[in-house]
Amino acid sequence: MHVALTGATGFLGLRLLRRLLDAHRSVTVLAHAGSGNALHRITRFFELTGAPKAFTAGLPGRLRVVETELALPRLGLSERTFQRLADGLDAIWHSAGSINLEGDLPELRRTNVEGTRHVLELAAAGRRTPVVHHVSTAFVAGALREGVAYEDELDDAHSFENAYERSKYEAELLVHAWSREHGRPALVLRPSILVTDLPPHPELPAHPLLVVERILRDARRAADPVEPVPHGPPRVRMVGHPHGRLNLLQVEHAAEVMVRLAGLPPSGGVETYHVVHDRDVPVPTVVALLERLGPISVDLVAAKPDAPSALEALLDFYPGMTIYLSHRRRFDDTRVRTRLGPSAVSAPVGLDYLWSGLAPRGEALPGAPDIPPAALPSAPYA
């Protein structure tokens, strides 16, 4: 089986690539044109994460890199190159996309929606019938803030928290339309927020919480000259619910689950799976992490303050960062647990784990008590 993967140099894509190389002799990497030497970046990731030397030395012979432009017809390739690529594929993994929570909809549509359209065109253009594995997000559930989001649900009844969620929803609609038109199966994989305990490194891709850390750092730097705080961290009021919860999942576990699901016999049509943690992380744990990152002191409030401080006003420019502190929904993953059994369950994600993926190597979390996911009772699964 010959497999192609988009997004192979991304936070999730690198872990997917590792799993795919365990299962297949070679993988075609559909890399973003002009983004640098994809093979070098992939090799450096495996070197930095402790892969055996024999494995990294063999990568040039196992990876075929094709530079593409997702937003362009035929992925920016010539007609001949596009057709040759399409004719040689048995499976396509589409993991590339923009995760910019602050992006505008036209920008996000170019990458997430049109990019998906062009990948689907690739899947339909060849002599073979490659299976499509589309990486979406559990957050296509949109602004459903309470209750249960089910795997077979795909609608815009609750609207969306941001343009990113809408763009991923629209991309899923394309997958369903493609499957109906061509009578072909497709796999939609919806991960939650992916995290790692691997310490930051300039040659490793950033993950969502590192982006949050950058936003907090930049906002503090900009606000301090306006509102200097003589003693202790500044107080920040954030809209959130003290009994809220977020679903955070180890990226390595997510990749393993996705590849295992892809290896199961398809049932026909579009199969959708929530690749999520079985226990949510309570909002107080996330708040403790934000306070350490700031450093700030967070007060959860029910509504935006009428007279925000300079720091609060700056952070309000990034609503995607904190909007989920009000969520109390959970993601049903009955299908995943039915197909994979107990092996679908992942290790706990607590404050110490999250801090390990943000702090410089060797820096321990100073004196902050860990609040395990079990601190917030979860409703029984349906």
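Read on for an overview of the structure.

1. Quick notes on the overall build of the protein
Moving on, step 1. From N to C terminus, the protein includes 14 helices and 15 strands.
Moving on, step 2. Its C-alpha atoms give the protein a radius of gyration of 21 Å, within 12% of the compact-globule value 21 Å for 382 residues.
Moving on, step 3. Projecting the C-alpha coordinates of the protein onto the three principal axes gives extents of approximately 65 × 45 × 40 Å.
Moving on, step 4. Long-range contacts, defined here as pairs at least 24 residues apart, represent 82% of the contacts in the protein between residues at least 6 apart.
Moving on, step 5. A total of about 16900 Å² of accessible surface is found on the protein, and carbon and sulfur atoms cover 55% of it.
Moving on, step 6. Side chains of the protein carry 41 positive and 44 negative charges; the gap between the two charge centres is 6 Å.

2. Focus: the packing of helix α1 (residues 11-23) against helix α2 (residues 38-48)
Moving on, step 1. Taken N-terminus to C-terminus, the directions of α1 and α2 make an angle of 80 degrees; their axes are 11 Å apart at the nearest point. By the angle between their axes, α1 is roughly perpendicular relative to α2. Side by side, α1 and α2 meet where Leu14, Arg15, Leu17 and Arg18 of the first sit next to Ile42, Phe45 and Phe46 of the second.
Moving on, step 2. Of the residues assigned to the contact of α1 with α2, the class counts are five nonpolar, no polar and two charged.

3. Some thoughts on the nonpolar core
Moving on, step 1. Membership of the largest hydrophobic core comes to 42 residues, with the highest contact counts inside it found for Met238, Leu248, Leu289, Leu315 and Leu354.
Moving on, step 2. Among the elements of the structure, β8 (193-195), α8 (208-223), β9 (235-239), α10 (283-293), α11 (310-315) and α14 (351-356) are those that each provide at least two residues to this core.
Moving on, step 3. One finds Phe11, Val27, Ala38 and Leu261 within the second-largest nonpolar core, a separate group that totals 41 residues.

4. Focus on the pattern of salt bridges
Opposite charge on two side chains lets them pair, provided their charged atoms get close.
Moving on, step 1. Scanning all chains against the criterion turns up 20 salt bridges.
Moving on, step 2. Salt-bridge contacts for Arg245 lead to Asp280; the nearest nitrogen and oxygen are separated by 3.4 Å. One end of the pair, Arg245, is in strand β10 (residues 245-246); the other, Asp280, is in the loop between β12 (270-275) and β13 (281-282), with 35 residues separating them in the sequence. In terms of burial, Arg245 and Asp280 fall into one category: buried.
Moving on, step 3. By sharing partners, the salt bridges in this structure join Arg44, Glu47 and Glu203 into a single network.

5. A word on α8
Moving on, step 1. With 16 residues, α8 extends 23 Å between its outermost C-alpha atoms, agreeing within 8% with the 22 Å of an ideal straight helix rising 1.5 Å per residue.
Moving on, step 2. Buried within α8 we find Leu209, Leu210, Val212, Glu213, Ile215, Leu216, Ala219, Arg220 and Ala223.

6. Notes on the packing of α8 against α10
Moving on, step 1. Packing of α8 against α10 leaves a shortest axis separation of 10 Å and a crossing angle of 45 degrees. Judged by the angle between their axes, α8 and α10 are oblique. Two packed elements cross with a definite hand, and for α8 against α10 that hand is right-handed. Within the contact between the two elements, α8 uses Leu209, Val212, Glu213 and Leu216 and α10 uses Leu289, Leu290 and Leu293.
Moving on, step 2. Here the contact of α8 with α10 is built from residues that sort into six nonpolar, no polar and one charged.

7. Digging into the sheet that holds strand β5 (residues 131-135)
The strands making up a sheet associate through backbone hydrogen bonding, with each pair oriented either parallel or antiparallel.
Moving on, step 1. Strand order in this open sheet of seven strands is β3-β2-β1-β4-β5-β7-β12, and the pairing throughout is parallel. Whereas interior strands pair on both sides, the edge strands pair on one side only; in this sheet they are β3 (63-68) and β12. Pairwise comparison of adjacent strand axes, ignoring direction, gives a mean angle of 20 degrees for this sheet.
Moving on, step 2. Looking at chain direction, strand β2 (residues 27-32) and β3 are connected through six bridges and run parallel. Opposite Thr28, over in β3, you have Arg64 as the bridge partner.

8. Considerations on the pairing of strand β1 (residues 3-6)
Moving on, step 1. Burial of β1 is two-sided: the residues Val3 and Leu5 facing one way and the residues Ala4 and Thr6 facing the other way are all buried.
Moving on, step 2. For β1 and β2, the ladder comprises four bridges, and the chain directions are parallel. Paired with Val3 across the strands is Val27, a residue of β2.
Moving on, step 3. Following the chain from β1 across α1 to the adjacent parallel β2, one finds a crossover that is right-handed.
Moving on, step 4. In terms of strand pairing, β1 meets strand β4 (residues 91-94) through four bridges, oriented parallel. The partner of Leu5 across the bridge, within β4, is Trp93.

9. Observations regarding the environment of Leu209
Moving on, step 1. Mapped onto the elements of the fold, Leu209 is located in helix α8.
Moving on, step 2. As for Leu209 and Leu293, which are separated by 84 residues in sequence, their C-alpha atoms are 9.9 Å apart.
Moving on, step 3. What Leu209 contacts, discounting residues up to four positions off in sequence, is Val195, Leu289, Leu354 and Leu358.

Conventions and cut-offs
- Residues numbered from 1 in each chain as written.
- Predicted model: local features only at pLDDT ≥ 70, side-chain atom pairs only at ≥ 80, totals over all residues.
- Heavy atoms only, no water.
- Helix = DSSP H or I, 4+ residues; strand = E, 2+ residues; numbered from the N terminus.
- Rg over C-alpha atoms; globule rule 2.2 N^0.38 Å.
- Contact = heavy atoms within 4.5 Å.
- Areas by Shrake-Rupley, 256 points an atom, 1.4 Å probe, with all protein chains shown as cover.
- Lys, Arg positive; Asp, Glu negative; His and termini not counted.
- Charge placed at Lys NZ, Arg CZ, Asp CG, Glu CD.
- Axes fitted to C-alpha atoms, helices over the stretch in contact; angles between N-to-C directions.
- Parallel < 35°, antiparallel > 145°, perpendicular 65-115°, else oblique.
- Nonpolar A, V, L, I, M, F, W, Y, C, P; charged D, E, K, R; others polar.
- Core = buried A, V, L, I, M, F, W, Y, C linked by side-chain atoms within 4.5 Å.
- Buried < 20%, exposed > 50% of the residue type's maximum accessible area, 1.4 Å probe, protein only.
- Salt bridge = Lys/Arg side-chain N within 4 Å of Asp/Glu carboxyl O.
- Expected span 1.5 Å × (residues − 1).
- Left-handed = near helix turned anticlockwise from the far one by under 90°.
- Pairing = 2+ DSSP bridges.
- Right-handed = clockwise from strand over helix to strand, strands pointing away.

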